[in-house]
Structure formats: C-alpha cells, structure tokens
Amino acid sequence: MKNSKELLKTKIENQVEILFNKSLDEANALEIYQGLSNVLLETISKDWLKTRKRYETEKQAFYFSAEFLMGRALGNNLINLGLDKEVKEVLEEIGFDLNSVEAAEEDAGLGNGGLGRLAACFMDSLVTLNLPGQGYGIKYKNGIFKQKIVDGFQVETPETWLKYGDVWTISRPSEEVVVEFGDGKVRAVPYDMPVIGYGTKNVNTLRLWKAKSINELNLKAFNDQKYDEALKEVNRAEDISRILYPNDSTNEGKKLRLKQQYFFTSASLQDIIRKFKNIHGTDFKKLPEFVSIQLNDTHPVIAIPELMRILCDVEGLLWKEAWAIVEKTFAYTNHTILSEALEKWWIGLYEEVVPRIFQITERIHFQFLDLLEKKYPKDRARRERMSIIQGDLIHMAWLAIYGSFATNGVAALHTDILKHIELKEWYELFPERFLNKTNGITQRRWLLEANPELSKLITELIGDKWITDFSQMKNLEKYATDKRVINRFLEIKSEKKKQLAQFIEETQGIKVNPESIFDIQIKRLHEYKRQLLNIFHILDLYYRLKKNPTMKIHPVTYIFGAKSAPGYMRAKGTIRLINEVAQIINNDVEIKDMIKVVFMENYNVSSAQFLFPAADISEQISTAGKEASGTGNMKFMINGALTFGTLDGANVEIVEEAGVENNYIFGLKVGEIEELKKKGYNPKTPYKEIEGLKRVVDSLIDGSLDDEGTGLYKELYDSLLKGASWHEPDQYFVLEDFEDFRKTQEKINKEFTDRETWGKKAWINISNGGKFSSDRTIDEYAKEIWKITSQKI
Ligand SMILES: *Cc1c(COP(=O)(O)O)cnc(C)c1O
C-alpha cells in the first residue's frame, strides 16, 4: 500500500506523462502546474457531479455578471481542499517550490476591478456555505489588459490567460445553445469551472460562454483563395467573446458590448429554462419558486426582455402571465451613482442588434408608462424622468428596477443615497423593493491564502473556526492589550513588508525601506478615487522637505497600483504624473530616502495578494458619496492596516465596527458637499489660500514637470480650475480636501512611531472585520433575496 503522499506523486507523474509525455525530472513549473491541476480536477470530479445533481431539484440562485475577476485558482483550491501542506511536501521531493508552481498560472483576469472581484468572492462564499447557485458569464479570450509602464506612461498589451490552454474549465458541447441577433445566429458553447469550497465536499459551477460560428469555414471562398472572406463569419462570431471591455464605471457605447450582454444572458436563460423544464415541465408559474437571478449591475439587464421573449415567443405564455413571472425572478444590484456609468443604449443600435428584444423592451416601456399615469396622473415631469425610453435612449437601470423584485445598494451609505437622493422617486414608487447588502470579501483568499503568517497567529489564539465563520474574529479583541500578542502581530507585519519590499525590488527595480510606513493606494484609476489628491500631497511634502532639510518625519513609502481605461486621458495623465513624481523623489539624494514613491505595474489579483498584507495605511480617499462600497478597504482592514479615508462607501461601516479613533477619517462628508455645492464651490479659494497648494497645482503647468508635450498635465490643471463643458471645476473636491488630507497625514506620521499603540489599533481593526466577510453578504442575499437554503452533499 502506498501512503497518500506517494499516491499523490504518482498521480502528478501520470498526468504529466499523459499531458506532455515527460517524466517528472524533465518537466518545468508550468507542466507541473497543469499536471497537478488535473489531479485536483480528478479529485473533485465525483463531488462536482453529485453537487450538480443535488441542486437540480432545489431552488437555485444564478449570478449573472459580465465580469468575474478570479485571479489564480491553484493555490486557493489547494487550501480549500486542505491539500496545501501535502502538495508542498510532494513538490519539494520532486524538486519544485509550490510558490513557483503557483506562479506559473496566469491570472484569470475576466474583470476590471471591484465589481468583478466581488463576483469572484461571492462564488467562493456560495459554495463554502453549500448554497445551490451558479455564476454565469463570458469566457473572454483576452481579459483585462496587461499594463506596462513605458517612460512613465501606461501602455496596454493584450492579456493572454489562455495561451497555454485552460486547465480549470471543461467544455460541455452537449449543452450548447444558439443565440440570435439581428444579423444572424451564433453558437454559445458552455465552459464550466469548478468552484471549490472550504471544508465542504460541495463543488459549485461557474459557467462561462464562448461564442462560435454556426458554420466553420466558407469553403467556397477558401477554394477561391479568398482567405479573409472564408473566415469572416467565424471571426464575426468569435469577436463576441474575444475581449473584456477595459473600462470601469463609464458606459462604453459599443455595439459589440451590447452583443456580449445579450449573448451571455440569452444563453444563460435558455440553459436555465431547459433545465427547469427537465424537472418541472412547462409549469412556468413555478419558475420563481426555483430560480432567482441576480443581475450584477446593468450589464445583464437585457435578460429581463429576453426572458419575456422566451416565455411568450417560445413557450407560448400570455404577456401578462410572463410578466408576473419575470418580475418575481430577477433582482438587481446597483453599483454606482456616477451618471456616466448608468447604462443607456441608443434605440437605433439596440434595434439593429436585437430587433425582437427592442419590440419587447418598448412594450415593457409602454406598460410602465400606464402604471405611472395611474399613479401620478398630474405629474408629467416625473413620468418623463422615470420613463424607460427617453428620447432615443433606453435606460437600463430603470428597466432593471421595474423588471425585478429587489434593488440593492452595496453599502449602507450608498443604499441611503439611492433611496433618498439618486433614486428617490423610484423608492417612493416601490419602497418594498429597496434593500441594502453591504459588500464583503472572502477571508479565505484575502487572509488565509494571502497572509498565512497572520492566519497562523489568529488560529493559535481563537482556533480555526474564523475561516468559515468570520464573526469569530471578535474573540481576538481581548488580546488588544496583550503586549506579547501585539508584538507578534507587529513582527508579522514587518515580515510581510519585507516580502513586499523584495517583490518590489524584483518587479520594479526599486529598493524600499521595510521600516518605513507603507502607505498604499491600489484600485482602478478614476478621478473620483482621487489618486491626484494623494500625489499632490506627496509633491507638497517633497517641496517642504526640500525647503526645510531639517524637517523630521518618519520615512514613508507611498505605493500605488492602478490601471486606467485606455481612452480615459485624465486617468492616464495621473499615472504619468505619479511616475514622474516618483522618478524625481526617488532620485533626489537630498531626500535621503525619507520618502519613496512606487507605482506597481499591472496591479491585479495576484499582486494584490502581496500588497494588502504589507500595508500600514489603507488609502480610501474617494469624494464622499461617490464610492458605492469599496472592497479593497476591507482587505486592508482584516490584514491590520489602518484606514485613512473619507466617510464614503463601506468606510463608514468600517469605522463603525472598529472605532473612528482607531482609523484616520478626514475630508468633506456627503452633506457638507451638498451644502458647498448649493453655496457655490470655487476651487480658486483653496488654491490661493491653502499654503503650498498653489505651488503644487502650478507644477502641472509652470515647467516643474514635463509631460513630454502631450498636454496631459495642462488638461488636469484645467479640470481643477476651469472645468469643462460637462463639469464644474474640481468636481471631486480635490483642492477643498487637500488641507485636511495633509493635516491627517501629519498625524499619522507622528502616531506611527508609537509602535505599541499603533499595533493595538491595527489589532482592533482585525478583530472587528467580521462583518466584512462575503459569507455574511451571501448569507443575507440567500435569506432575504434568493430564498435558498444550504444543500450539503
Ligand atoms: C479588491 C480589488 C479591487 C477593488 O478595489 P477598491 O479599492 O474597492 O476599488 C480592484 N482590483 C483588484 C485586483 C482587487 O483585488
């Protein structure tokens, strides 16, 4: 009899032999990675099948999302299966280090940022809670672009996660469906990715659709030597799942994007209906008893008219019957109030791409107008504001609220703003439909996997229940006054900072001091997130140090990581600015390493797993009211970073849980911004009056800095002091919040040196992170929206 380690080794050996016809001593890290991943698939395949059968007859929740930012799978799956230690040992025996084998895997970067990562955390929580549910999305050939920094500028190169094949999905050609557009049909082929839970045998599914053409090749054209023509249909079809739109919170008005949305929602609904019929026949009235569909933002909202089409045109239901079913099936999550991000489609384009869906959308629109006329017979202006079709635009958010039974915001403050400001009239019309579900993150990836050192300490103190019950973290709080525990935490933090310093040196070629304060802002680049405010303060600090060389500060390393949408010039200008300021400061010998600035190229899930555990300060400095929730803030908190932020999104709940005295809150609040707007905000006032601010802002145009003639800096300058046709000057209150930002940074710099007090504050944050587990969020969705229950196999 072989012991389990020998057995595991033999299995890897077999897989490497089958896949590559190599022996273990010939294989490289990538081949070991693929062989090992196949062994894991083999390990779970029976349970995966069993889970699917178990769920078939239960009510299920389907999560429709254009994005799933999964990151790497291997490390997470090993931990969730409890195989990490054993595999590490076996790999060492055959001469491999587990970390380097894991690093051979490309990130599955099928998302832009927070919204896509939320979907990924939700998948992990669903299965760990044994909940019957499934994700539906698109198998993009190219996910979020790879970012290179060339001469300080962002350069995008295609991401190619499928370059060496794809070990984590299996295709199911027998379940393919056909999706029909105005200009023809395409095949949708499903690829299933297993989602492995922690401490459970259940294995859930993420189903991603790939677009294929109906005909493989136009043979006649090929034989006539018209090669491009021969592949035209193939390419047109495959274009649909070729690329993830690399924009974040702005609406990309592209025909292809609408095609993507219809493609994956239509395929998913056809799939759901077919499976429903297999079990329940055509008793569609029962559909809402067995199916809940969550629409992650407006991207999949076209599913609402599509389900009407399937029920009426295909299944022969009456409109009224179908609508009653649709209204009870969908729920919608709102992720933003930025008006440019509220999706609207031009009717001409919509009608061309999906003509039948356009007719149905129009009918829904007229039906809703009837309702509004009954409800508000005298208020024509209100009816116009709430119309689904206004002029020649279709408002997808309005369609979503009308066509679903629940609309939720993603943090308490955000939901309040929806109910009382942005969607006030909708809340008046459908008060029972509005609810809050504060976002969360999975502690399995963001603590257990990313920070094994801290995880070990936590488990030593309170046992390992926290891994699946994060409310247990509260039991750590009593150690906040235990000097030995706090010192151990500080040692771990110091170790994580050393690891990050090494990673930075390897990847960016910059030496940073692990004793310095690690002040980190990592998130998509957007004006409302205010990376500009951060870099302005750094530049101001630099100028002050130059002027006053005897000024004493504790050394700080400011770390940024951010991708900009390729066409978003202000965001790209900010990236160039950060990189230029970094160059100047890092190379100035007079500064003597008191400040360092690092821009981490290509911020993604894998680099995030290095960054969050090493932070002392979590920069969450969005303009109050603009960040719906944020989830990066939560990842920092549970790794013991203190939040330096505005009262925005989930920051509000973070300080509610951990105490405002254990974090650093600054800046205008939502109400103050409203007031200031009413009064009339003039950014020239802080620009002139706040000491040092003019010098910093003027650096954009006075020759202190050089954007190589691109005009990017001048444009940034104008956005602050002049405004533009579409916005007021300094619409995100960068200049108004500057002074409080600086004052609070000074306080942080002083207080950091009292290591014991700092450690205690960090510890209190960790102890009060329980609320921010996506297990809690998913439990709320399951009970209050989806009405699904645990189905453990
Ligand atoms: C968590 C996460 C985000 C979201 O960060 P926010 O600060 O909430 O905007 C974006 N990208 C990656 C890779 C993440 O892991």
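Preceding this paragraph is the structure being described.
The numbering scheme is per chain: residues are counted from 1 as the chain's sequence reads. Local features in this predicted model are restricted to residues whose pLDDT is 70 or higher, and side-chain atom pairs enter the listing and the counts only when it is 80 or higher, whereas totals over whole chains, interfaces and linings include all residues. Excluding hydrogens and water, the side-chain values take into account all heavy atoms of the structure.

Asks: Help me out: how do you make sense of the pattern of salt bridges in this one?
Replies: When charged atoms on two side chains of opposite charge get close, those side chains can pair. Put simply, a salt bridge is a Lys or Arg side-chain nitrogen that is within 4 Å of an Asp or Glu carboxyl oxygen. In the structure shown here, the tally under the stated rule is 59 salt bridges. The closest approach of N and O atoms between R380 and E384, which form a salt bridge, is 3.1 Å. Here E384 and R380 lie together in helix α16 (residues 380-386), a separation of four residues that amounts to about one turn. Accessibility here uses a 1.4 Å probe with only protein chains present; expressed as a share of the type maximum, an area under 20% marks a residue as buried, one over 50% as exposed, and anything in between as partly exposed. Taking relative accessible area as the criterion, R380 reaches 57% and is therefore assigned exposed. For helices the rule is a DSSP run of H or I covering at least 4 residues; for strands it is a run of E covering at least 2, with both sets numbered from the N terminus onward.

Asks: Help me understand the sheet that holds strand β13 (residues 344-346), please; the structure alone is not making it clear to me.
Replies: Backbone hydrogen bonds are what pair the strands of a sheet, in a parallel or an antiparallel way. Strand order in this open sheet of three strands is β13-β15-β14, and the pairing throughout is antiparallel. Only two strands of the sheet have a single partner each, and these edge strands are β13 and β14 (389-390). A pair of strands is considered paired only if DSSP assigns at least 2 bridges between the two. In the sheet, β13 pairs with strand β15 (residues 393-395) via three bridges, with the strands oriented antiparallel. Note on β15: the bridge partner recorded for K344 is H395.

Asks: Explain the site of the ligand here, please?
Replies: For this purpose, a residue is taken to be near a molecule or strand whenever a single non-hydrogen atom of the residue falls within 4 Å of it. As a matter of local geometry, the ligand sits amid 13 residues, with K523, K529, T631, G632 and K635 nearest to it. We call two N or O atoms a polar contact when they sit within 3.5 Å, provided that within protein one can donate a hydrogen and the other can accept it, with sequence-adjacent residues counted only if both atoms are side-chain atoms. Contact between the ligand and K523: an oxygen atom at 2.7 Å from a side-chain N or O atom of the residue. G632 has a polar backbone atom sitting 3.0 Å from an oxygen atom of the ligand. Notes on the ligand: free accessible area 390 Å², of which the protein chains cover 95%. With residues, only the protein chains shown are counted as cover, and all accessible areas are computed by Shrake-Rupley using a 1.4 Å probe.

Asks: What am I meant to see in the packing of helix α21 (residues 452-462) against helix α22 (residues 483-508) here?
Replies: Two quantities define a packed helix pair, namely the angle between the helix axes and the distance between the axes. Contact geometry of α21 with α22 gives a least axis separation of 9 Å together with a crossing angle of 160°. Judged by the inter-axis angle, α21 sits roughly antiparallel to α22. Handedness of the α21/α22 crossing: right-handed. Residue-level contacts link P452, E453, L454, L457, E460 and L461 of α21 to V485, R488, F489, I492, K496 and Q499 of α22. Residues were grouped as follows: Ala, Val, Leu, Ile, Met, Phe, Trp, Tyr, Cys and Pro as nonpolar; Asp, Glu, Lys and Arg as charged; and all remaining residues, including Gly, as polar. Of the residues in the contact of α21 with α22, the class split is seven nonpolar, one polar and four charged. Whenever a helix is involved, its axis is fitted only over the stretch in contact; in every case the axis is a line through C-alpha atoms, and angles between N-to-C directions fall within 0 to 180 degrees. The scheme is simple: roughly parallel for angles under 35 degrees, roughly antiparallel for over 145, roughly perpendicular for 65 to 115, oblique for anything else. The handedness criterion is simple: a crossing whose near helix is rotated anticlockwise from the far helix by less than a right angle is left-handed, and one whose near helix is rotated clockwise is right-handed. By definition in these notes, contact holds between two residues if any of their heavy atoms fall within 4.5 Å.

Asks: Hey, could you run me through the side chain of E31 in this one?
Replies: Among the structural elements, E31 can be located in helix α2 (residues 29-56). The class for E31 is buried, based on a relative accessible area of 10%. With near-sequence residues (within four places) excluded, E31 lies in contact with V16, F20, K22 and E26.

Asks: Please clarify how unusual backbone geometry should be interpreted in this entry.
Replies: Excluding glycine, residues mostly carry a negative phi; peptide bonds, for their part, are mostly trans. The backbone of R530 shows a phi angle near 60°, a positive value even though the residue is not glycine. With respect to the helices, strands and loops of the structure, R530 is situated in the loop between β18 (517-522) and α23 (531-547). Accessibility expressed as a relative area gives 0% for R530, which makes it buried. The backbone of N602 sits at a positive phi, close to 55°, despite the residue not being glycine.

Asks: Is there a simple way to explain helix α34 (residues 774-786) in this structure?
Replies: Along an α-helix, a turn takes 3.6 residues, which lines up residues three or four apart on a common side. Taking 1.5 Å as the rise per residue, α34 with 13 residues should run 18 Å; its terminal C-alpha atoms sit only 16 Å apart, a clear shortfall. Among the residues making up α34, those that are buried are S774, D775, R776, T777, I778, Y781, A782, I785 and W786. Capping of α34 at its N-terminal end is provided by S773; its side-chain oxygen lies 2.9 Å from the backbone amide nitrogen of D775. Just downstream of α34, K787 is the residue with a positive phi angle, here 55°. One fewer than the residue count of a helix, multiplied by 1.5 Å, yields its expected span.

Asks: When you look at the sheet that holds strand β23 (residues 664-665) in this model, what are you seeing that I'm missing?
Replies: Pairing is parallel in the open sheet, where six strands are placed in the order β20-β19-β18-β21-β22-β23. Two strands close off the open sheet at either side, each with one partner strand: β20 (595-600) and β23. Across two bridges, strand β22 (residues 642-645) lies against β23 in parallel orientation. Of the residues in β23, the one forming a bridge with F644 is Y664.

Asks: Just checking my understanding: could you explain the packing of aromatic side chains for this structure?
Replies: Aromatic ring pairs are defined here through the distance separating the ring centres and the angle between the ring planes. Each pair of aromatic rings taken from Phe, Tyr and Trp, with Trp reduced to its six-membered ring, is defined by centres within 6.5 Å and is described as stacked if the planes are under 30 degrees apart, edge-to-face if over 60, and tilted in the remaining cases. For the structure on display, the rule yields 28 aromatic pairs. Taken together, a centroid distance of 6.4 Å and an interplanar angle of 50° make the contact between W466 and F470 tilted. Among the residues examined, F470 registers a relative accessible area of 4% and is labelled buried. Each ring, one from F666 and one from F741, has its centre 5.4 Å from the other, and the planes form 85°; the classification is edge-to-face. Placement of the pair is F666 in the loop between β23 and α28 (670-679) and F741 in helix α32 (residues 734-751), with a sequence separation of 75 residues. F741 shares its class with F666; the two are buried. Taken together through their ring pairs, the aromatic side chains of F62, F64, Y136, W209 and F264 make up a single cluster. Between the NZ or CZ atom of R433 and the centre of the ring of F430, over which it lies, the distance is 3.7 Å. Ring-over charges, as used throughout, are those where CZ of Arg or NZ of Lys falls within 6 Å of the ring centre and within 35 degrees of the ring normal. Over the ring of F518 we find K497, and its NZ or CZ is 5.0 Å from the ring centre.

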